[in-house]
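# What the coordinates show
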Amino acid sequence: MSEIREVQITFDCADPRALSTFWNAVLGYDFPPAPPGFASWDEFAATLPPEQRNSASASVDPSGAGPRLFFQRVPEGKVVKNRVHLDVRAAPGLQGEERMAALEAEGERLVALGARRLLRHEPSPPMGAGHLLMADPEGNEFCLD
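Residues numbered from 1 in each chain as written. Predicted model: local features only at pLDDT ≥ 70, side-chain atom pairs only at ≥ 80, totals over all residues. Heavy atoms only, no water.

Moving on, we get to the overall build of the protein. Regarding its fold elements, the protein presents three helices and seven strands. Secondary structure of the protein in N-to-C order comes out as β-α-α-β-β-β-α-β-β-β. Across its three principal directions, the C-alpha atoms of the protein cover 55 × 40 × 30 Å. Scored against the burial criterion, the 145 residues of the protein give a buried share of 30%. A sequence separation of at least 24 residues applies to 58% of the contacts in the protein between residues at least 6 apart. (Helix = DSSP H or I, 4+ residues; strand = E, 2+ residues; numbered from the N terminus. Buried < 20%, exposed > 50% of the residue type's maximum accessible area, 1.4 Å probe, protein only. Contact = heavy atoms within 4.5 Å.)

Once that is clear, we can look at the packing of helix H1 (residues 16-27) against helix H3 (residues 96-112). Relative orientation of the contacting elements H1 and H3 amounts to 155 degrees, with a least axis distance of 10 Å. Here H3 runs roughly antiparallel to H1, going by the angle between their axes. H1 and H3 meet at a crossing whose hand is right-handed. Contact residues: H1 offers Phe22, Ala25 and Val26, while H3 offers Glu106, Arg109 and Leu110. The residue makeup of the contact of H1 with H3, split by class, is four nonpolar, no polar and two charged. (Axes fitted to C-alpha atoms, helices over the stretch in contact; angles between N-to-C directions. Parallel < 35°, antiparallel > 145°, perpendicular 65-115°, else oblique. Left-handed = near helix turned anticlockwise from the far one by under 90°. Nonpolar A, V, L, I, M, F, W, Y, C, P; charged D, E, K, R; others polar.)

With that out of the way, let us pick up the packing of aromatic side chains. Counted by the stated rule, this structure contains seven aromatic pairs. On the basis of an interplanar angle of 20 degrees and a centroid distance of 4.8 Å, the ring pair of Phe11 and Phe71 is categorised as stacked. Placement of the pair is Phe11 in strand E1 (residues 8-13) and Phe71 in strand E3 (residues 68-73), with a sequence separation of 60 residues. Per residue, the accessibility class of Phe11 equals that of Phe71, and both read buried. One aromatic cluster is present, built from ring pairs that chain together Phe11, Phe22, Trp23, Phe71 and Phe142. For Arg17, the ring lying beneath its charged end belongs to Phe31, and the centroid distance is 4.1 Å. (Phe/Tyr/Trp six-rings, centres within 6.5 Å; stacked < 30°, edge-to-face > 60°. Lys NZ or Arg CZ within 6 Å of the ring centre and 35° of its normal.)

With that settled, consider the layout of surface pockets. Computed from the structure, the largest pocket encloses a volume of approximately 480 Å³. Residues belonging to the lining of the largest pocket are distributed by class as follows: 10 nonpolar, five polar and six charged. What lines the second largest pocket is a set of 17 residues, among which Arg17, Trp41, Asn54, Ala56 and Ser57 lie closest to the centre. Broken down by secondary-structure element, the contributors of at least two residues to the lining of the second largest pocket are helix H2 (41-45), strand E2 (56-59) and E3. The element best represented in the lining of the second largest pocket is H2, accounting for four residues. Its residues placed into classes, the lining of the second largest pocket shows nine nonpolar, four polar and four charged. (1 Å grid on protein atoms, 1.4 Å probe; cavity = no way out; pocket = protein on both sides within 12 Å on 5 of 7 lines; lining within 4 Å. Points joined across faces, edges and corners; volume = space filled by probe spheres on them.)

Pasting the structure below:
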């Protein structure tokens, strides 16, 4: 029998701290504790050379159940559609207009945080319950499902 492995989801981005702050607000995640001997990540970052500051950031599920998110600065911008994306479960168990209203409300909250709404997919039973296609502040696509 295979051993179950934890996964970390890594985002290439231009501004790791800003993108991790966005995803913390989307998912209810937090920053991990600062390294030993430092009261905060900002205090730790002040010890780094300027070119290394904001080169990486992380977000963790405070309950420990969800995967860790890691954000790493890369020089190039996003140029094509993601091949893998996150589905944020914003309306599990809901159907029809009640589901779409819940997704719309969450979509509005995320737009206020810096997301962009890209497309609404209407319910099409039996294959699809409906969802919203969104993009984070750096253009990474994700769905509100």
